[in-house]
Every structure is written in structure tokens, then in C-alpha cells.
Protein chains: 4
Amino acid sequence: MAIKVTVWHEFRHEKTHERVLEIYPGGMHACIRDFLSDCEDMEVHIVTLDDPDQGLPDSVLNDTDVLLWWGHMAHSEVKDELVERVKNRVYNDGMGFLPIHSAHHSKPFRAILGTTGNLAWGRDQKAIVWNLNPTHPIAAGIPQHFELFEELYAEPFFIPKPDDLIFGTWYEDGNILRGGCTFTRGLGKIFYFHPGHEFCESLHNPYVQQIIKNAIRWAAPTKIGEGMENKCIHQTEAIVR
Amino acid sequence: MAIKVTVWHEFRHEKTHERVLEIYPGGMHACIRDFLSDCEDMEVHIVTLDDPDQGLPDSVLNDTDVLLWWGHMAHSEVKDELVERVKNRVYNDGMGFLPIHSAHHSKPFRAILGTTGNLAWGRDQKAIVWNLNPTHPIAAGIPQHFELFEELYAEPFFIPKPDDLIFGTWYEDGNILRGGCTFTRGLGKIFYFHPGHEFCESLHNPYVQQIIKNAIRWAAPTKIGEGMENKCIHQTEAIVR
Amino acid sequence: MAIKVTVWHEFRHEKTHERVLEIYPGGMHACIRDFLSDCEDMEVHIVTLDDPDQGLPDSVLNDTDVLLWWGHMAHSEVKDELVERVKNRVYNDGMGFLPIHSAHHSKPFRAILGTTGNLAWGRDQKAIVWNLNPTHPIAAGIPQHFELFEELYAEPFFIPKPDDLIFGTWYEDGNILRGGCTFTRGLGKIFYFHPGHEFCESLHNPYVQQIIKNAIRWAAPTKIGEGMENKCIHQTEAIVR
Amino acid sequence: MAIKVTVWHEFRHEKTHERVLEIYPGGMHACIRDFLSDCEDMEVHIVTLDDPDQGLPDSVLNDTDVLLWWGHMAHSEVKDELVERVKNRVYNDGMGFLPIHSAHHSKPFRAILGTTGNLAWGRDQKAIVWNLNPTHPIAAGIPQHFELFEELYAEPFFIPKPDDLIFGTWYEDGNILRGGCTFTRGLGKIFYFHPGHEFCESLHNPYVQQIIKNAIRWAAPTKIGEGMENKCIHQTEAIVR
């Protein structure tokens, strides 16, 4: 059965900055949908902040296996009740969550992980992504390193200790970032990946695309066994007698 | 300089159940203060939910190095603004946070870690705490195992992957628990420890007391180096030139 | 392409203890081969210590994707050069390694992980395996807990900190064990799982069988990207210019 | 009681390369001893490969709480029986082990951790060490970043997943390294730190010195509780009755 992927995109920069639309005609979400189109094991759906119910009515959210999230200038507009519903989907239903780039400061990222998501940032520049975890499925087929031109997103990056650190990024200006990190929360898997600045072309990079494909497959819900629901259980009888 | 320890206690069960006061005369917080009294490196202060500002006005909270938290029946009464202030103290100032027993479901535990804190629970019974991490300072001097009579708190326990798993607990009824776990969030260190049911005597157990002493010393704020504040930094110049 | 699975079995107890052969007609390795026979994505091969080249000439070892290892009374007979070859296959070629039960004390387990593998052990008894990591592919479909009758293998278990702790086991006698643990070494993935005493019937348990199937799929080599060989690289030119 | 620190140094480069002696008069081990001399909680002892018993007769090794190890050109001369004794001290007695720089390829590093220790290496160059773990005692007081001029030691670095990643290093040539990592093995704590090339001046850097001091204090043996010896225990009676 196909993995149901929903790409949530703020879709504001494209409306105010012509340059962003030149790089990503139709918007960044359209770019992601397009490069996922050769994945026969995925059904991809794109939604935006300005859609009804901010793009994620229950009918969409509850039919999503993996949610990509790109937001930046309008983080504060995302309603707290939506954040709560996204968090509950991850915690309780095992929906995968893939915050991309500036989503490090989005409300769902902060609430789901328990973190400020603070980091250092600066000018767009040459960046090199290093593969630190070649055995991990998210790194499958990814070379030792590849080059990007990206916005500086760098340490100190205030995240909980990652379950696995998959990629580390070098920047021309002298900085580094734990730039590709996995986490688990409740029944859900989370992968943060830093490339994706609206004025850069990273989402056209074939390795970035491959990593996102790998991550979607990795983050798809695991088949949960009996009794593993995320709830408080009052146990009235002994397991053994 | 002494570690400033604040013991926050809900202090409600003692008022409604005589048996609790028999086990813990003066309240559970008084018991903790008393067994910490031989620690010359600590200054201990006790506060309760029904104190002004729910016991933690800024004058107290901001003068606290390590905060112990015991709550149960009144989790929902704790004000969201207090939760926010506690979280910020941990994330931004490195205050240590030691949630004890039923604090697994407290608002600060959930918000700071990013979790539901759900677990299985049941009748009070024989429990054996196993030392799984003998090299960790929280386990210093703690034997291979020791016995308690405790409320069943058991897996599935929905917590983020612990940084370190220090203790695992066996229960007579056939259950186990990852019962002593460390986490870091922002600049703060967190240790969850499951013993401390109000109707049990665990806080009188010398090993439980030693573990709490060890944990306070471990969770005391690390001296943070220059530039490690938990904030977003706009870097205007290259680190190297 | 099918995962090439080699089951290495000491196959000595079956020759000296009739009871073992009653439980596992044809040997424990035959049992494993048989329950894997419904996995169309696997090609399973069984070998034993008393085969030529101790069952693992290069022609077999180098054609193996995942190696299961069961040894006990004859650990010391395994030649150091074989241990070295197994280790190199894991480290350098990414062969998965699944040490089962008493393989915790086998030479390859110790050399590959860097550990003594010491633990506490005792009489066969009721044991309950708890699922501690429901999102992990090795736990897919496995219920909250299931019961076994097994040899006591318990803490303190001297292993490096697991990458992931998947299962924890409760024992009637009051003990617990981190009983299902993952590790990575070089390009290889390792999963230790404790059930499988020769006088118990655990390998007939459907959950144990499912876990071994899951683990084989998880431990199969990841497709390694360019430049990720496990070797020392002398870099003569700068990555960036 | 003072921490007994033994600095094991290969001490060969100083004899063949005048430049090394200019940077480190008396040898690199003398430099380490000297900058540790203001630590009143340490007793420091220096030994070298060419001393009797390769510097580590049992009388010295068994009286050592924390062992620093610097080796490079003569890794292969270190006797296997010494490697075994060092490993056993770490595993069984909790001796701390601090491999510095080229010790990533030393026999004890490989045997203790279970790894090849392979990495990429190249010319001496500008390097920036980033503090990735401000709450860890090894990072206490260490700023966000500091600059070195060091030999390139870079990813891919084939080490087991670190317990904690404390420092990450940026290099002018476009590389990065997980350059300061902790591990535990048996009862012992290990910290690998990459600076210390014989032709560079890193050991004179005050932050490098502070990190080594912090690491010695962190790696000193924890007081082990009763029953936590690293051995196989045959348990003849139930823990509970």
C-alpha cells in the first residue's frame, strides 16, 4: 500500500519574492511533489497555510502517513489547535514528521520534540553535507559528501540529543551543523534536514531529493503490535500468575 | 558554592489521607529536605502548590539550581504560565529538573521533554530496581539491585529515547520499567526516577535517597562557556576569514 | 534480490543431549531455516562448526548478507582467523550479524562489539519479553509483551551502550535483561537477542520467529554510497577550492 | 584522593624530528604533565614506549585511574599482551582511557571500542572546534568554538556510535569530524579527542588543555556499587522468593 505523503507548505515567500518563484515555479511544495512523482510507493498531496483549515483538516491530516513541513515567515500564524492535532498524530498514530529547513523554529517542531530549535544563521554560502551514518536507511546510496549553496544554519543548534545523527554540514564561513537528525516521539518518527532555503536551489539537488525519499520511507508508520497504543493503561490483573 | 535545591510538592494527598502523613510526617517534601540535610554542598528549600504563586515566584525559581517535582492529583491546577517559566529555566538557564514518580504526567515533564508520559500502572507491590549503568555518576555506589514496595509503573512508557538509561525496575506482577532515565533539553539536565508513591515508603529507602543526592549533583548546571546561550544567533561575519 | 542468510550453528549439544534433539529435530539451525522458509525475500543456508573451515570458508562467508550465530560449549574452538574474517565482513562489507542467546560470550560477539559480554545466568524459568521500542522495524507487529520459558540471562549485562534497546525481559526470579539490542560497527548492523536456550522451546515461539525475521531484514546491508568504504583515506586535495 | 593520571607517550617523533622537540621540549608527554601541574586533584606520571615493559608494568598500570595514550608511528610495536592488560583495566577496573589524536589507530583504541578507527587525513590546516554539548562536564567552560591549526582528521570516521558527541571540528579544506566523543566499555569511560598532531601546537592551546582536564575528571572511575563487577555471575538462588 502506498505511503500517503502530505507536503505542508507555508507558500508565502513565493507570493512576495519573484526570485523564489523563479527557482521553484509553482512553489516549493510543487517541486517536492514533482521529484517524488517517480516513487510508485508514494501518494503525494500538497497543501498550504492559506488553504481552508490551514491545509490540514482532519480529513487530510488523519489520512497522512508522513507529513513534510516547510514554514518560515508565518510560524506564528499556525494555530495552536493545529499544532496539537499534528503532535497527537505523531505521538498517537505514528505519523512520520519531516520538518525541512526553517521548520526548526516552527510550532510543531518545538512542541513535538520539546525544544526551542534555536540555531545560528547567516548568509547563503557554499555548504558541504557529510554522510556520518552510512548504515542508516536515510543515508542509503548517499555519497561521502556533496556540495550545496545554502543559507547558513549552524551550531549551536538547540535540539534534544538525536536518536541518530545522519548528516553533518560544513560551511564556508567556518561553521558546522548537525544537519540531518532523527528522533522518535510516541509512535512517530521524525527527521530534521536543514537544506531548503527559499532563495537557494537545494531542493533541485538529486542527493537532497534522494535523502527526502529515503526519509519518507523510513518515517512511514511501523506496524504497531497489540497493546502498544500511546495511552495510560490501568492494569487490573497481574501479567503473570 | 552550594547547589540551591528547591523541592516542589503538590502536598494534597497528605491533607486528605492520614496514612500518607503517617508515612511522611510533615509531607513528602519534608522527608526529602530532611534526608538531604547531611549534604553540605546543598541548600534545600521546600515549596508547595498552595503557596503564593504556586510556590514558584520568580524570586524562588530563578534562584534554583535543581528543581525536584512531585505532583499527582492536581496536575491540571498547575498554571500554564508556571510551566512555561519552569521550561524556560531548564532550557535557557540550565536548571536541573528531577521529576519524581507521578510527575511523569505533570505538565512540566510533558512540555519540557516533548512526550505524553503515558505508562501502565497498577497495584502497589514488590519491585526490584536494577543498576544498568554502573559508570554513570547517578549510579555511584548503588548496588546491583535493591528492593522496594512500590506502585506499579510500567512499560509501555512513552518517553523520548533517554540519553542514558540508569535503572530498570522489575515488578512482581510480570512488568518492567525503564525507571531511571536521563535527558538533556537546551542547557538543562533532567532525571526521571519512578519511586515515590505517596502510600509507599520508598523515599525512606537509603538507596533511593542516595540516587536522588547523586542526581542533584549530576543535574546541577554545568558552567556554560561563552557563546553557548540558548538563543537564535544572527551571525553577520564569517568565523574564519 | 534475496537476502542471503547464513545460519552458523555450533551443533554440539544436539549430539550429546537427546532432549535437545527432541526439541529441535535436525538441530537448532534446521529449526531456524525452517521457520524462515516462508520468507520469499531470503535465501537461507545452514552451516556448523564441524563443517570444513568451521562452516565459513570465504566462498560462504563472502556470499552472506546476514549471519546468525549460535554457539555455547565450543566458543573456544572457533579459530581466531575465522573471528577476524567475520569481523572484517561486518566492519568492511556491512554484513549483518545476529548473535543469538549464548553467542553473547562468543568470540565474534566480543571482538566485533568490544566487550566481555558478561551477564548473570541461572535456571530456566518463566520470562516475559517487553516491547520497548514499538517504532523500530525489529519490533514491527510485536505485541506489548509475550511469554517464554527460558534460561535466566540477566543484568548486569556488560555490553556497550546499545544504539537502540528494543526488548527488555522480565524473569520470575526477580531479574531483568536488556534482551534485544542493536549496534552498528563499521558498515555492519548487529542485533543481539537473548532467547534460544538449547533446552527451551523459544525458537518455536511465533514472536521470536517474527523478531528474527524482522531483524534479518533490518540487518541486511544498506546500499553504501560512493566514498563510504571503511578505510583510512589520504586526502591529497581540498574538498573545496 | 587525587586522580592518578598516567600519560603514555610513544615518544619517537621527538627523537627523529627536531621540529617536534622545538614545539614540545621534553616531549609531548612532558607538555601534558606540565599543563596538568596546576590540578591539585591529580597526580600525574609520564611513561613511554621505550621504558621497561613498554612503560606500563602492572605496578604502574594497576595504579592508574586515567590513562592518556598518544601513539602514531609505532602502533604495531605495542605488544598484544599490553593491549590486553590495558583493555582489562578499562573493562574490569573502570580505568578511564583518553586516546589523543593518532591514537585513533592504536591497538588499545581498536580493541577496547571494537572498531577499525579509520578516518580521512590530510595536510595541517586551520581547524575550528565547535562545542556541541554544552551541558556535558567535558565541555564545562568551553566556548562555542575555538580555532586550532591541526592535521586534517576527518569523516568518514569509523567509530561505534558515540555515547555523547561533545565536539565537532570544521576544517578549511571542506571537511568535518566528530572530534570529541565519549564511550563506555565495561566499567570504564573513554574520551577520544582529535587535536595533538606532533607538528602542531594544539597541546599548548588553553581550551585543549581545559578539555583534557575536564575529561580526566569525567573519566576517573565511578565508585562501583556492590555486585557490579564485570564478570559472569552464576545465580543459584532467586532474587525474590
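Residues numbered from 1 in each chain as written. Chains lettered and ligands numbered in written order. Predicted model: local features only at pLDDT ≥ 70, side-chain atom pairs only at ≥ 80, totals over all residues.

Asker: For this particular structure, what's the right way to read the overall build of chain A?
Answerer: Scanning chain A from terminus to terminus reveals 7 helices and 10 strands. A globule of 241 residues ought to have a C-alpha radius of gyration of about 18 Å, and chain A, at 18 Å, matches this closely. Projected onto the principal axes, the alpha-carbon positions of chain A cover approximately 65 × 40 × 35 Å. Taking all 241 residues of chain A together, the buried fraction comes to 59%. Of all intrachain contacts in chain A linking residues separated by at least 6 positions in sequence, the fraction that spans at least 24 positions is 70%. (Helix = DSSP H or I, 4+ residues; strand = E, 2+ residues; numbered from the N terminus. Rg over C-alpha atoms; globule rule 2.2 N^0.38 Å. Buried ≥ 20, exposed ≤ 12 C-beta atoms within 10 Å, placed from the backbone. Contact = placed C-beta atoms within 7 Å.)

Asker: What is the right way to look at unusual backbone geometry in this model?
Answerer: Only a minority of non-glycine residues have a phi that is not negative, and only a minority of peptide bonds are not trans. Following A:Glu155, the chain continues to A:Pro156 via a peptide bond in cis, the omega torsion being 0 degrees. For B:Phe11, which is not glycine, the phi dihedral falls at a positive 55 degrees. Within the secondary structure, B:Phe11 sits in the loop between strand E1 (3-9) and helix H1 (13-16).

Asker: I tried to follow the pairing of strand E7 (residues 164-171) of chain B on my own but got confused; where do I start?
Answerer: Side chains on a regular strand alternate between the two faces of the sheet. Residues and elements named next belong to chain B. Among the 8 residues that make up E7, 8 are buried, leaving the element largely enclosed by the rest of the structure. The pairing of strand E5 (residues 120-131) with E7 spans 5 bridges and is classified as antiparallel. By the bridge assignment for E7, Ile128 is matched with Trp170. Note: E7 against strand E8 (residues 176-185), 6 bridges, orientation antiparallel. (Pairing = 2+ DSSP bridges.)

Asker: Just to check I follow, could you spell out the interface of chain B and chain A for this structure?
Answerer: Frequently, the measure chosen for interface size is the accessible area removed from exposure when the parts meet. Facing 35 residues of chain B, the contacting portion of chain A comprises 35 residues. Taken together, the residues of the side of chain B that touches chain A break down into 17 nonpolar, 13 polar and 5 charged. As paired elements, strand E10 (residues 233-234) of chain A and E5(B) share 2 bridges and run parallel to each other. Across the sheet, A:Ile233 pairs through a bridge with B:Ala120, a residue of E5(B). (Nonpolar A, V, L, I, M, F, W, Y, C, P; charged D, E, K, R; others polar.)

Asker: Got a minute to help me understand the interface of chain B and chain D in this structure?
Answerer: Taken residue by residue, the interface counts 27 residues in chain B and 27 residues in chain D. Sorting elements by how many residues they give to the side of chain B that touches chain D places E5(B) first, with 3 residues. Broken down by class, the residue content of the side of chain B that touches chain D amounts to 12 nonpolar, 11 polar and 4 charged.

Asker: I tried to follow the relation of the copies chain B and chain D on my own but got confused; where do I start?
Answerer: To go from the first copy of the chain to the second, apply a rotation about an axis and then a shift along the same axis. Least-squares fitting of chain B to chain D yields an RMSD of 0.0 Å, with the transformation described by 0.0 Å of translation along the axis and a rotation of 180 degrees. Here the copies are linked by what is in effect a two-fold axis. Of every C-alpha in chain B, the one belonging to B:Asp163 sits nearest the axis of rotation, 4.1 Å from it. Taken as a fraction of all interface residues of chain B, those also at the interface in chain D reach 100%, which identifies the copy contact as same-surface. (Least-squares fit on C-alpha atoms with pLDDT ≥ 70 in both.)

Asker: In this structure, what is going on with the confidence of the model for chain A? I would like to understand it.
Answerer: Regions with low pLDDT carry predicted coordinates that are not meant to be interpreted in detail. Residue-level pLDDT values for chain A average 97, and 100% of them are 70 or greater. Interface confidence in the predicted complex, given as ipTM, is 0.97; pTM for the same model is 0.98. (pLDDT = per-residue confidence, 0-100.)

Asker: Before we go on, may I ask you to explain the nonpolar core in this structure?
Answerer: One broad trend across soluble globular proteins is that nonpolar side chains are buried collectively. If you look at the biggest cluster of nonpolar residues, it comprises 150 residues, and the most contacted ones within it are A:Leu68, A:Leu98, A:Ala215, D:Leu68, D:Leu98 and D:Ala215. Once residues within four sequence positions are removed from consideration, A:Leu68 is found in contact with A:Val5, A:Val7, A:Trp8, A:Ile32, A:Leu98 and A:Ile100. B:Ile138, B:Ile211, C:Phe97 and C:Ala120 belong to the second largest nonpolar core, which has 147 residues in total. (Core = buried A, V, L, I, M, F, W, Y, C linked by C-beta atoms within 7 Å.)

Asker: Would you take a moment to explain the relation of the copies chain B and chain A for this structure?
Answerer: Rotating chain B by 180 degrees and translating it 0.0 Å along the rotation axis places it on chain A, where the RMSD comes to 0.0 Å. Most of the interface of chain B is mirrored in chain A, where 100% of its interface residues are also at the interface.

Asker: Can you walk me through the environment of C:Glu43 in this structure?
Answerer: All names here are of chain C. With respect to the element layout, Glu43 can be found in strand E2 (residues 42-48). In this structure Glu43 comes out as partly exposed when scored by C-beta crowding, with 15 C-beta atoms within 10 Å. Note: C-alpha distance between Glu43 and Lys4 (39 residues apart in sequence) is 4.9 Å. Those residues within four positions of Glu43 in sequence are excluded, and the remaining contacts are Ala2, Lys4 and Val5.

Asker: Please clarify how helix H3 (residues 28-35) of chain A should be interpreted in this entry.
Answerer: Helical geometry: 3.6 residues make up each α-helical turn, so side chains three or four residues apart lie on a common side. Residue and element names in this part refer to chain A. Met28, His29, Cys31 and Ile32 are the residues of H3 that are buried. Angularly, the buried residues of H3 cover 155 degrees about the axis, an arc narrow enough to put them on a single face. The elements touched by buried residues of H3 are strand E1 (3-9), strand E2 (42-48) and strand E3 (66-70). (Arc of directions from axis to C-beta.)

Asker: How should the environment of D:Gly96 be read in this particular structure?
Answerer: Residue and element names in this part refer to chain D. Topologically, Gly96 is positioned in strand E4 (residues 96-99). A count of 26 C-beta atoms within 10 Å places Gly96 in the buried class. Once the C-alpha coordinates of Gly96 and His72 are considered, the two residues, 24 residues apart in sequence, prove to be 20 Å apart. Apart from residues lying up to four places away in sequence, Gly96 is in contact with Asp65, Val66, Leu67, Gly188, Lys189, Ala219, Ala220 and Pro221.

Asker: Honestly, the pairing of strand E5 (residues 120-131) of chain C in this entry has me stumped. Any pointers?
Answerer: One ladder, built from 10 bridges, connects E5(C) with strand E6 (residues 145-154) of chain C; its direction is antiparallel. Within E6(C), the position partnered with C:Gln125 by the bridge is C:Glu150.

Asker: Sorry, what's going on with the environment of C:Gly196 here?
Answerer: Residues and elements named next belong to chain C. Looking at the secondary structure, you find Gly196 in the loop between strand E9 (188-193) and helix H7 (206-219). Taking the C-alpha atoms as reference points, Gly196 and Met28, separated by 168 residues in sequence, lie 8.7 Å from one another. Residues within four places of Gly196 in sequence aside, it is in contact with Trp70, Ile100, His101, Ser202 and Leu203.

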